[in-house]
Amino acid sequence: MENSEKSRSNFIRDIIDKDLLEGKNNGKVHTRFPPEPNGHLHIGHAKAILVNYTIAKDYNGKFNLRFDDTNPVKEDEEYVNAIINDIKWLGADWEERLFYASDYFEQMYEYAIQLIKIGKAFIDSQSAEEIRANRGTITSPGIDSPFRNRSIEENLNLFESMKNGEFEDGSHVLRAKIDMTSPNMLMRDPLMYRIRHTSHHRTGDKWCIYPIYDWAHGLEDSIEGITHSLCSLEFQAHRPLYDWFLIQLGIHKPQQIEFARLNLNYTVMSKRKLLELVEENYVNGWDDPRLPTLSGLRRRGFTPEAIQNFIEKVGVAKAHSIIDYALLEHSIREVLNKTAPRVMSVLNPLKVVITNYPDDQVEELDAVNNPEDPSAGTRKVPFSKELYIEREDFMEDPPKKFFRLGPGREVRFRYAYFITCNEVIKDSNGEVKELHCTYDPASKGGKSPDGRKVKATLHWLSAEHAIDAEVRLYDRLITVPDTNNLEEGKTFKDYINPDSLTILHNCKLEAHLAKAEAGFRCQFERLGYFCVDPDSTPQKPVFNRTVTLRDTWARMQKK
RNA sequence: UGGGCCGUCGACAAGCGGUAAGUCACAUGGUUUUGGUCCAUGCAUUCAGGGGUUCGAAUCCUCUCGGCCCAACCA
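1. Brief notes about the protein's contact with RNA strand B
For step 1, the next point in the chain: Near RNA strand B lie 72 residues; those nearest to it are Arg342, Arg404, Arg412, Gly445 and Gln523.
For step 2, the next point in the chain: The sugar and phosphate moieties of RNA strand B supply 65% of its atoms located within 4 Å of the protein.
For step 3, the next point in the chain: Contact distances for RNA strand B include 2.6 Å between a sugar or linking oxygen and a side-chain N or O atom of Arg412.
For step 4, the next point in the chain: In the model, a base oxygen of RNA strand B is placed 3.1 Å from a nitrogen or oxygen of the Gly446 main chain.
For step 5, the next point in the chain: Here the surface near RNA strand B is built from residues that sort into 26 nonpolar, 20 polar and 26 charged.

The following block contains the structure:
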């Protein structure tokens, strides 16, 4: 990340620049990412993480990771570990500052007592239904709770009893005393604590009252000395309340700034939809390479750098937006083009016999490992009489723009020879079974000593030297750009792409790839970028296609 | 509908009163032993729309239109 181009200006940086100029926060910048451990992280979270992290880093500030674990009924340790793992991989560094909201439960409780003592909070004993009914609506004011004027003494006693487990779930709540007629619904005596006789993944059964987001979040930020609390747009309406609590308490008040969350087209990003895909087995787990989860993208072959660059390109603003998936693809191609070693691999093999090549001869030919990186060197690739080429690289009756192999045509076999197709052998079904070709010995290495040109260069593999592999091809998960905007009566599940996963079983690879370990990334020349899946073994290699190469031929065919 | 926020190229997004950056996508041409990469060129006379202020407006004022968020004891 150190070498990434300097960050773009955005409205948050403008605010911070101004704050620094005015000497606010003693010139410090301190941000945080506060996930609730109730699900897995996806590319949208990567934006929140990276916006907070890179701003802290660029201003020589600090970045905290804090689990907002205030609701034990939804949270689990399993998620904590997965989230930590994903953020580490992404490259955001919280150093030693890993916190939990539950670490502050005692302090939050004390603050609540303080608020009761200044008459700004009370115990409400209405039912949830009554509270809802009395909150009013968006256009009509709410009405005060009948319990709103309990004495401070009574509130204090009740609150302590709540804490001590003397009441059942739902029988009482602690509420802030603000204004039931506020046009901002969140200011109509918001709830601060509810009773939940549920054990918490960290505090066990120590507590049976748990703080609610609006009460807890500002306190968490304040306690940690956060200066800029960067969050998504839907919290805009919460900001007055965030401020109100901290002002009443007279404690450090971070500045909450909201920005638009990331949306990607042709996929789903909501917790609910992702969960449905996983639980109903539309995909194979949270790390399915088709999912936009961080674990899925990782398994798909994305690098942290690619995601960082992607987020940087996306920018930070307040307008709702849906980013084109092509930008994500561009981001990973950009990284892999520079770094991925090239290799020849045949996904859909077609046998080629070089009829004028000596029967038992094998030549070791030099192949460049990465044309973008001379230091990657070269390797030897065996060439022999029987080869495989890609089925798609031959057409018996080629259209005008098809440059590849056809009857009577000459092409270059990369790093090898000029090859001419003389005969097409078919099976009883009329299916092309193999090609009989001749080679030009003078063109060794793929050079053209007489200046003769060919229009195509194909990849190939020596039949006896190649190894078998399984290759998994991925396509977009959803066939429509935006699942939040569907035809009447349809759900996103009606638009799941049935061809989002294609498993190829008879693929051929260069032999040295048997040793590649899970996570190894390379380019299959002319096909795309691929990586070794965790399912892979030396006996049965499994590769995932991360992304295809840009393919102008495929685009022409579509027209 | 009360309140809050937002509307600049197909998708993002700079711009902060001095005459529309950049990226992706797309198109065309060049280079090329990957139909990849790379290079070059093109792609908003106009900023949701109207009115106003100004020598000058995407930027300021105003009205209209459109979108999103808020009525969980979720975060």
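2. A word on the nonpolar core
When a protein is soluble and globular, its nonpolar side chains tend to lie buried together.
For step 1, the next point in the chain: Counting 53 residues, the largest nonpolar core has Ile12, Ile43, Ile49, Ile87, Ile307 and Phe310 as the members making the most contacts within it.
For step 2, the next point in the chain: When contributions to this core are tallied by element, the ones reaching two or more residues are α1 (11–21), α2 (43–58), β2 (62–67), α3 (77–90), β9 (255–259), α10 (294–300), α11 (304–314) and α12 (325–339).
For step 3, the next point in the chain: Broken down by element, the residue count for this core peaks at nine residues, all from α2.
For step 4, the next point in the chain: Mapped onto the domain boundaries, this core takes at least three residues apiece from domain 1 (11–261) and domain 2 (271–341 + 469–558).
For step 5, the next point in the chain: Dropping the residues within four chain positions of it, Ile307 is found in contact with Ile43, Ala46, Leu50, Trp89, Leu90, Leu294, Leu297 and Phe302.
For step 6, the next point in the chain: Of all hydrophobic cores here, the second largest spans 35 residues; its members include Leu158, Leu174, Cys208 and Ile209.

3. Examining the pairing of strand β12 (residues 349–354)
For step 1, the next point in the chain: Among the six residues that make up β12, five are buried, leaving the element largely enclosed by the rest of the structure.
For step 2, the next point in the chain: Examined bridge by bridge, β12 and strand β15 (residues 386–390) share five bridges and lie antiparallel to one another. Counterpart to Lys351 in the pairing with β15 is Tyr388.

Calculation notes
Residues numbered from 1 in each chain as written. Chains lettered and ligands numbered in written order. Predicted model: local features only at pLDDT ≥ 70, side-chain atom pairs only at ≥ 80, totals over all residues. Heavy atoms only, no water. Near = heavy atom within 4 Å. Polar contact = N/O pair within 3.5 Å; in protein donor to acceptor, adjacent residues only side chain to side chain. Nonpolar A, V, L, I, M, F, W, Y, C, P; charged D, E, K, R; others polar. Core = buried A, V, L, I, M, F, W, Y, C linked by side-chain atoms within 4.5 Å. Buried < 20%, exposed > 50% of the residue type's maximum accessible area, 1.4 Å probe, protein only. Helix = DSSP H or I, 4+ residues; strand = E, 2+ residues; numbered from the N terminus. Domains from an automatic or database assignment. Contact = heavy atoms within 4.5 Å. Pairing = 2+ DSSP bridges.

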